[in-house]
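Fold and geometry: a report
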Number of protein chains: 2
Amino acid sequence: MAEPVDLHVADLHPAVDDPALNSMNFLNEIAGHYPEAVSLAAGRPYEEFFDVAALHRHLDTFRRHLADDLGQSPAQVHRTLFQYGRTKGIVHHLVARNLAVDERISVDPEAIVVTVGCQEAMFLVLRALRAGPRDVLLAVTPTYVGLTGAARLLDLPVRPVAGGPAGVDLADLRAQVRRARAAGLRPRACYLMPDFANPSGTSIGLAERRRLLDLAGEEDLLLVEDNPYGLFPAGDVERLPTLKALDPARRVIYLGSFAKTVLPGARVGYVVADQRVAGSDGTVGLLADQLAKIKSMVTVNTSAVAQAVIGGALLEHGCSLVAATVRERAAYARNLRHLVDGLARRFPAGSPVRWTVPAGGFFVVVTVPFRVDDALLDRSAREYGVLWTPMAHFYDDSAPVDALRLSVSAVTPEQIDLGLDRLASLVADELARRDATAGVA
Amino acid sequence: MAEPVDLHVADLHPAVDDPALNSMNFLNEIAGHYPEAVSLAAGRPYEEFFDVAALHRHLDTFRRHLADDLGQSPAQVHRTLFQYGRTKGIVHHLVARNLAVDERISVDPEAIVVTVGCQEAMFLVLRALRAGPRDVLLAVTPTYVGLTGAARLLDLPVRPVAGGPAGVDLADLRAQVRRARAAGLRPRACYLMPDFANPSGTSIGLAERRRLLDLAGEEDLLLVEDNPYGLFPAGDVERLPTLKALDPARRVIYLGSFAKTVLPGARVGYVVADQRVAGSDGTVGLLADQLAKIKSMVTVNTSAVAQAVIGGALLEHGCSLVAATVRERAAYARNLRHLVDGLARRFPAGSPVRWTVPAGGFFVVVTVPFRVDDALLDRSAREYGVLWTPMAHFYDDSAPVDALRLSVSAVTPEQIDLGLDRLASLVADELARRDATAGVA
């Protein structure tokens, strides 16, 4: 008997049937189906350092801060923690301090909107910038799938800009801007991750950052800088200034996340939007205030309880996440070295396998001489017991891709070894199969 | 010197300059400007019963539940509380139990999506249902401004359906459905609050609920039932079954909130979406899973910390919010009686002032023989020291309205007395001014 049906997916917004949205689902599902597989797929942070006692402590630290530092009365503290609150958030001043301490970004706390993770920050920015059907977004490719998915939900086309080894191909960026404009379209911004990007792992050098900002000025383009991984260089290299730190002309909308540095379970991120917006009544305000209006109709405000946890964590380390993540940063750097060394051992000179050696972050891209798709991932999980992410998920077309992304953030060195052994078996078998097929042909 | 400008509001999505989004902002701002005024405007819950110790206790209760009741290992508990998590939430089973215990709604926990407050639930539903430019939403008027604002963000027109004393005018609903269809439009759903609606305070009777469901079946229309106030009848009356409890045909998408019953600061709500959706590949799934795909690109998932607080609160009361809110319900019922009695004393027989006597909830609508607008509210706050909400904010046009909404949820009986005295002065002065003007004319 046919199951009763109330709706058809064709009656819903087309995004729900889009590869960008189904991709995230597929990757989560496959991880759920093979819980015993070693996961070099998950980009989530290392969880061994999380601590239940810290949750309680952070809450109390923030509560005391409201009373002692901000001078709130007991009734005001109560209201801040428990009631509906300020749309732009209640830890904005601590976020501003963190940006000053760790990133030398100087920003008015009023230009910050605290959001439900960085994803909501992205969503609010895209909603604001997509004013009509002529608007398009540029994004350095390969692109974080959450950006593509959010754009789909808002009917905002995303046009790829070549990334390449420098992190962004400026000639291509300029060409894409001009091509879009020549087609009667309005490129609203270019989205990119200048530091240890997801998924490519590449970083943009300092000189190139300056040239990018110059280009943005010349072409009158906004840049959306997403920086979830900047705190995680692999060695004792000096961290580069963010685009936002180099941006007196307010070309950059900066997206931040506490998921990788404090706690994904809090779901707290933010956007710095200090652009000055002229209203229809002639007044001039901040883009942050326009984003807050949008936020008030998406989630009203970010959970005060969750913000309190993040606020407490910041306060306990003088608002420095560099200070707060000493153990995490060491673990990620060690894992990244371990993975790269492990690849070199398993795929010695002469092997057709290639990989990136990023200067930091969570991700290494491995290129192989065969197509890497969801079917191969499924087989890798089932038969070899190792999970990774097909790079095809990060390209907004269906062209075949011969690369996969490995993540080092949620594993131990032992798990990396085990995962790489299994990956090497898969690759060897695929190469043998390819050679056998070539022999037959 | 002119201030530098980076963007113009006309370059942003038109919603940011829409009255529906500016309305919420204006009302918040005026409350901020006159903190000493008695607020009969705020619809937020009574905060005296909130308790910091309870936050910690709820967290611990939920943590123990994960281990003891769900059998999670310490590592799994860790992951559930701290990591990225299930898109549809981690307290869905407790929400389902709550709906069974308090509302006699029997629903598969998999059909529930836990959201960042009810606002996100609303937003996800509207995003899913707005598939193209022919789609429109119907909403019983006067309408909660958060619904109108969310629809604006999604370019989804909202067409009003008369509410009237019965809570919904079924003849008008049918007429609006047919009118929209005759105009080539597709009415996707009708939004309404059957219990003690915001802002009207009206409730729909049991017979009318059944007729509404029949009509939805006949006209092939979904109903979006929003129920933030159902738990708060003013006296010892029996609560009516929700539409969802009367809905074997899955016509109803049900929106729930813990903001009024547990804690606004957690920002946790949910949607029950058990409609069966046929996919493009022929498989049949739940609407909840389509909403989850959308959610994954808006907020990823709802803060685990915030969900844990709500989960703990539910567990401590056998998942019954009726049991959890004994003190709150008594306070709201007392306040509502006090307000209605106070109106009767201040505006005796012969007065042109009229008001509703709702059977529960937070809101009373007062009708006066003069126009009630934002200018009057500003004067009321500045000169009389009392805040309320112009009913004009709940109508999606700019027609003059002669009514205001009073809320009893965040005040004491003493504050109600003081607020009503001040309101009575304002009304007396307005009537005198009107008479004086009439005398001159």
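Please read all numbers here as calculations on a predicted model, not as lab measurements. (Residues numbered from 1 in each chain as written. Chains lettered and ligands numbered in written order. Predicted model: local features only at pLDDT ≥ 70, side-chain atom pairs only at ≥ 80, totals over all residues. Heavy atoms only, no water.)

1. Considerations on the UniProt feature "domain: Aminotransferase class I/classII large" (unreviewed entry) in chain A
Quick note on the threshold: UniProt positions are given in the numbering used here, feature names are shortened, and annotations may be inferred rather than shown by experiment. In this description a helix means any DSSP run of H or I spanning at least four residues, a strand means any run of E spanning at least two, and both kinds are numbered starting from the N terminus.
With numbering matched to this structure, UniProt assigns "domain: Aminotransferase class I/classII large" (unreviewed entry) to residues 76–423 of chain A. Between the C-alpha atoms that bound residues 76–423 of chain A there is a distance of 56 Å. The span itself is 39% helix and 17% strand.

2. With respect to the pattern of salt bridges
Where side chains of opposite charge bring their charged atoms close, a pairing between them can arise. Residues and elements named next belong to chain A. Selection rule: Any carboxyl oxygen of Asp or Glu that lies within 4 Å of a side-chain nitrogen of Lys or Arg is treated as forming a salt bridge with it.
Summed over the entire model, instances satisfying the criterion amount to 64 salt bridges over all chains. Residues E120 and K295 are paired through a salt bridge, measuring 2.7 Å at the closest nitrogen-oxygen approach. Here the residue E120 occupies a position in helix α5 (residues 117–129), and K295 occupies one in helix α9 (residues 287–296), the gap between them amounting to 175 residues. Each of the salt bridges in this network shares a partner with another, and the network as a whole consists of R174, R178, R181, E218 and E219.

3. What to know about the interface of chain B and chain A
Here is the rule we go by: We call two residues in contact when some of their heavy atoms are within 4.5 Å. Buried area is a sum: the accessible area each of two parts loses on coming together, probed at 1.4 Å, counted once for each and added. In the analysis that follows, any N or O atom pair within 3.5 Å is treated as a polar contact, provided that within protein one partner can donate a hydrogen and the other can accept it, and provided that, for residues neighboring in sequence, both atoms belong to side chains. Only Asp, Glu, Lys and Arg are considered charged, only Ala, Val, Leu, Ile, Met, Phe, Trp, Tyr, Cys and Pro nonpolar, and every remaining residue, Gly among them, polar. Each pair of strands is called paired provided DSSP finds at least two bridges between the two strands.
Taken together, the contacts link 88 residues of chain B with 88 residues of chain A. Contact between chain B and chain A buries roughly 7,800 Å² in total, counting both sides, with carbon and sulfur atoms accounting for 60%. Ranking the residues of chain B by area buried against chain A places F82, Y84 and M297 of chain B at the top, with a combined share of 11%. Across the chain B-chain A interface, the total number found is eight salt bridges. With a shortest N-O distance of 3.9 Å, D155 of chain A and R127 of chain B are connected by a salt bridge. Taken together, the connections running from chain B to chain A amount to 61 residue pairs in polar contact (both at pLDDT 80 or more). In terms of residue class, the side of chain B that touches chain A is made up of 45 nonpolar, 20 polar and 23 charged. Relative to strand β10 (residues 276–278) of chain B, strand β1 (residues 7–8) of chain A is paired through two bridges, and the arrangement is parallel.

4. Overview of the relation of the copies chain B and chain A
The cut-off we apply is this: The atoms used to superpose the copies are C-alpha atoms, taken from residues with pLDDT of at least 70 in both, and the fit is least squares.
Structural alignment of chain B on chain A gives an RMSD of 0.0 Å, achieved by rotating through 180 degrees and translating 0.0 Å along the axis. With respect to symmetry, the two chain copies, as superposed, fit the operation of a two-fold axis. Mapped onto chain A, 100% of the interface residues of chain B again fall at the interface, so both copies present the same surface.

5. Concerning the domain arrangement of chain A
As a measure of interface size, the accessible area lost when the parts come together is often cited. Residues and elements named next belong to chain A. Condition: Where a domain begins and ends is set by an automatic assignment or by a domain database.
Its domain assignment divides chain A into domain 1 (13–42 + 325–435) and domain 2 (54–323). Just the C-alpha atoms count here: the centres of domain 1 and domain 2 sit 28 Å apart. Contacts between the two partners involve 28 residues from domain 1 and, on the opposite side, 28 residues from domain 2. Carbon and sulfur atoms make up 61% of the surface buried where domain 1 meets domain 2, a total of about 2,400 Å² over both sides. Applying the counting criterion to the domain 1 and domain 2 interface returns two salt bridges. In this structure, D396 and R152 form a salt bridge, with 2.5 Å as the shortest nitrogen-oxygen distance.

6. With respect to the packing of helix α2 (residues 52–69) of chain B against helix α10 (residues 304–315) of chain B
All names here are of chain B. For clarity, the cut-off: In this description, a line fitted to the C-alpha atoms serves as the axis of each element, helices being fitted only across the stretch in contact, and the angle between N-to-C directions of two axes falls anywhere from 0 to 180 degrees. Any angle from 65 to 115 degrees is called roughly perpendicular, while one under 35 is roughly parallel, one over 145 is roughly antiparallel, and all others are oblique.
Two elements in contact, α2 and α10, have axes whose closest approach is 7 Å; the angle formed by their N-to-C orientations is 85 degrees. Compared by their axis directions, α2 and α10 come out roughly perpendicular. Of the residues in α10, those in contact with L55, H58, L59, T61, F62 and H65 of α2 are V305, A308, V309, G311, G312, A313 and L315. Partitioning the contact of α2 with α10 into residue classes produces eight nonpolar, five polar and no charged.

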